[in-house]
Amino acid sequence: MANQTQQSPIVGKETSDDVEHFDAIVIGAGVTGLYALYRLRELGLSVMSLEHASGVGGTWFWSRYPGARFDSESYTYGYSFSEELLQEWDWKEHYSGQPENERYLNYVADKFDLRRDIRFNSHVTSAVYDEDRGVWTVNLEDGQPMTAQFFIPAVGSLSAGYIPDFEGIDSFKGDVCHTSRWPAKGMDLAGKRVGVIGTGASGVQLITEIAKVVGHLTVFQRTANYCAPLRNGSIDAETQKEIKASYPEIFRKCSETAGSFIHQFDPRSALEVSPEERLEQYETLWKESGFKKWLSNFHDVMLPGEANEDYAEFVRNKIRERVNDPVVAEMLVPKDHMFGSKRLPCESGYYEVYNQDNVLLVDVKNAPIERITPTGVKTSDKDYELDVVIFATGYDAVTGPLNLIHIEGEGGLTLKEKFAGGPKTYLGIATVGFPNMFTINAASVGNFVRSAEPLVEWVTETIRYVRDNGFTRIAATPEAEDEWTKHVNEDGAKILRSKADSWFVGANIPGKARALLNAPDPAPVMRAKRLEVAANGYTGFDLQ
Ligand code: N01
């Protein structure tokens, strides 16, 4: 493919007649990809960022459905690397919505002149490692292949939307949409008969908003979720000033918690205080905004066991209080999984939607959806006539977005084949047989920006180390990978996050191997582990 190469004006970038070569190729211009591009460029590397969308933002570009917004406090979600950026940007709401979040990421891209190295509308079809030359060749659906020494698929954890394989979807005569691919021009739902399938965080946000405009809404629920009030509000000028003055403190607090959120657990056990005191704390926290009622609670509320069940019952009763019809209320009360074993959707009037005359809740666990018909949805006991069907059916998480690209490592092994039984990685970042590739979408969990920033910094520092020390290749060792994978599988099986059938363990996708998709360790432990590995000359990695 490449013939005569020549040095381009950009340091490290080479071109040939038909192949451009870069030091690094980053896939994805979402939160993580943008920062990876910024950091790698700061190192003086030539970098190409390839983005499928026509703009930056990743999930905040695509998930434009009504109601999409943060569940972390806005001021904890921004990048921390630039004091100037922190002082310039005013978050308008405590839990900012998708349009504002997309504006923010565009502002970042412009401020740091990132667009000049991003190629939009670029659909990457494959990335293949050339063992002889030690480079990755990245192929696009449209356009010339490119090569790079380092390959960084920053493709997101939750970017491969999942639509169940219902028969008849193509036969439906009305409009169909998935929350992760909401049309930029919006959907006209006013006065229409709309069906929503799925009641996870996306469904809960969407349903609450569209119930205000639709003619009739049918919600197809398979599993009831624990949801808690978000209590969003705008940020006034005084609070804005306080936020800007306390960013170091905000980020310090986030850096000390398991999920990089700003909330600290109460170190006491729920069981060591009297029932009255326990209830008082539950009630006080319930009045607070966001995840506080979850992550500032007694620490053992987030451990499988009695305290967890005690709080779950408190939340169930909160749900019951808000729904007029007791039969509908019981349908909305989760009884088959532990509180916090799935990510807690935060809502702004969700349960009251079911008090509207034009809203119908359908239980599709007992009467499953059989097919989509030309005129709606057919469950095992009834036909529902609809003008629009919206899938809020979630994502093939973490490995899903990687599997959409044919990633081929040494010996022709594909990443999809390698991960078929669950991810096998070292620290979630590297995997044997795929040298110079960093899967930074697999290692972050919790508050995504807070956990992504140090991760990107670690990866870029590693690349600097490799180059400055005269190495050309870095790869995980089989021993380190085996040990890490064993740790994730064994210790991961004990934590609350792996107890429900959710995307955390791939259980939402039929046929996907059940395995914890992110590290089971708290974020500070992961950061310390990565730093230790680096400080000891990259233990668990083979450098050549
Ligand atoms: O997806 P989900 P999501 N028949 O997988 C149902 C983040 N997020 O997009 O529970 C019928 O949680 C499925 O039912 P069940 C956040 O991390 C953040 O809502 O499997 N129903 C479930 O109800 C979140 O955790 C925000 O029984 C079917 C729903 O579809 C993650 O994204 C906002 C079905 C899928 O729920 C994913 O959330 C939104 C079938 N065959 C998302 N298949 C913020 O607030 C699936 N379902 C920042």
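Since this is a predicted model, take the numbers as computed values, not measurements.

Asker: Teacher, can you tell me more about the nonpolar core here?
Answerer: Buried together is how nonpolar side chains tend to be arranged in soluble globular proteins. By size, the foremost hydrophobic cluster in this structure holds 66 residues, and its most contacted members are Y79, F438 and I440. Here F438 is in contact with F150, F151, I152, P153, I429, V459, T462, I463 and I474, once residues within four sequence places are set aside. Judged by nonpolar contacts, the second largest core, of 56 residues, contains Y95, L230, A307 and Y354.

Asker: Honestly, the sheet that holds strand β16 (residues 376-379) in this entry has me stumped. Any pointers?
Answerer: Picture the strands of a sheet paired through backbone hydrogen bonds; they go either parallel or antiparallel. Ordered by their spatial adjacency, 3 strands build an open sheet running β15-β16-β17, and the pairing between neighbours is antiparallel. Two strands bound the open sheet, and with one partner strand each, they are β15 (369-373) and β17 (383-385). Between one strand axis and the next, the sheet turns by 20° as a mean value, whatever way the strands run. Here 3 bridges tie β16 to β17, and the two strands are oriented antiparallel to one another. Paired with G376 across the bridge in β17 is E385.

Asker: I'm lost on the packing of helix α1 (residues 31-42) against helix α15 (residues 448-468) in this one. Help?
Answerer: The contact between α1 and α15 brings their axes to 9 Å, and the two run at 35°. Considering only the axes of α1 and α15, their crossing is right-handed. Across the interface between the two elements, V31, T32, Y35, A36, R39 and L40 from α1 touch V449, A452, E453, V456, E457, T460 and I463 from α15. Residues that form the contact of α1 with α15 fall into these classes: 8 nonpolar, 2 polar and 3 charged.

Asker: What is the right way to look at the side chain of T199 in this model?
Answerer: Locating T199 in the fold gives a position in the loop between β10 (193-197) and α6 (201-210). A relative accessible area of 8% places T199 in the buried class. Only 3.3 Å separates the side chain of T199 from the backbone oxygen of T223, close enough to count as a polar contact. Contact partners of T199, with chain neighbours within four places excluded, come to V204, I207, V219, Q221, T223, N225 and Y350.

Asker: Can you help me understand the domain arrangement of the protein chain in this one?
Answerer: Put simply, an interface is often sized by how much accessible area is lost when its parts join up. In terms of domain boundaries, the protein chain breaks down into domain 1 (14-56 + 114-160 + 397-543) and domain 2 (196-236 + 255-391). Between domain 1 and domain 2 lies a buried interface of about 1,200 Å² when both sides are counted; carbon and sulfur atoms form 65% of it. Applying the counting rule to domain 1 against domain 2 returns 0 salt bridges. Counting only elements with at least two residues in the side of domain 1 that touches domain 2, the list comes to α15 and α17 (523-535). Counted by class, the side of domain 1 that touches domain 2 contains 8 nonpolar, 4 polar and 6 charged residues.

Asker: Is there a simple way to think about the packing of aromatic side chains in this case?
Answerer: Between two aromatic rings, the relevant description is the distance of the centres plus the angle of the planes. Enumeration over the complete set of coordinates arrives at 39 aromatic pairs. Arranged with centres 5.0 Å apart and planes meeting at 80°, the rings of F61 and W62 form a pair that is edge-to-face. W62 gets classed as partly exposed once you look at its relative accessible area, which sits at 22%. Ring pairing ties together the aromatic residues Y35, Y38, W60, F70, Y77, Y79, F81, W89, W91, Y104, Y107 and F112, which thus form one cluster. A cation over an aromatic ring shows up here: R181 above the ring of W62, its NZ or CZ 3.8 Å from the ring centre.

Asker: Help me understand the environment of V273 in this model?
Answerer: Along the chain, V273 turns up in the loop between α8 (247-255) and α9 (275-286). Accessibility expressed as a relative area gives 10% for V273, which makes it buried. Sequence separation between V273 and P326 is 53 residues, and the spatial gap between their C-alpha atoms is 32 Å. When neighbours within four sequence positions are excluded, V273 is seen to be in contact with R268, R278 and F298.

About the cut-offs
- Residues numbered from 1 in each chain as written.
- Predicted model: local features only at pLDDT ≥ 70, side-chain atom pairs only at ≥ 80, totals over all residues.
- Heavy atoms only, no water.
- Core = buried A, V, L, I, M, F, W, Y, C linked by side-chain atoms within 4.5 Å.
- Buried < 20%, exposed > 50% of the residue type's maximum accessible area, 1.4 Å probe, protein only.
- Contact = heavy atoms within 4.5 Å.
- Pairing = 2+ DSSP bridges.
- Helix = DSSP H or I, 4+ residues; strand = E, 2+ residues; numbered from the N terminus.
- Axes fitted to C-alpha atoms, helices over the stretch in contact; angles between N-to-C directions.
- Left-handed = near helix turned anticlockwise from the far one by under 90°.
- Nonpolar A, V, L, I, M, F, W, Y, C, P; charged D, E, K, R; others polar.
- Polar contact = N/O pair within 3.5 Å; in protein donor to acceptor, adjacent residues only side chain to side chain.
- Domains from an automatic or database assignment.
- Buried area = accessible area lost by both parts, 1.4 Å probe.
- Salt bridge = Lys/Arg side-chain N within 4 Å of Asp/Glu carboxyl O.
- Phe/Tyr/Trp six-rings, centres within 6.5 Å; stacked < 30°, edge-to-face > 60°.
- Lys NZ or Arg CZ within 6 Å of the ring centre and 35° of its normal.

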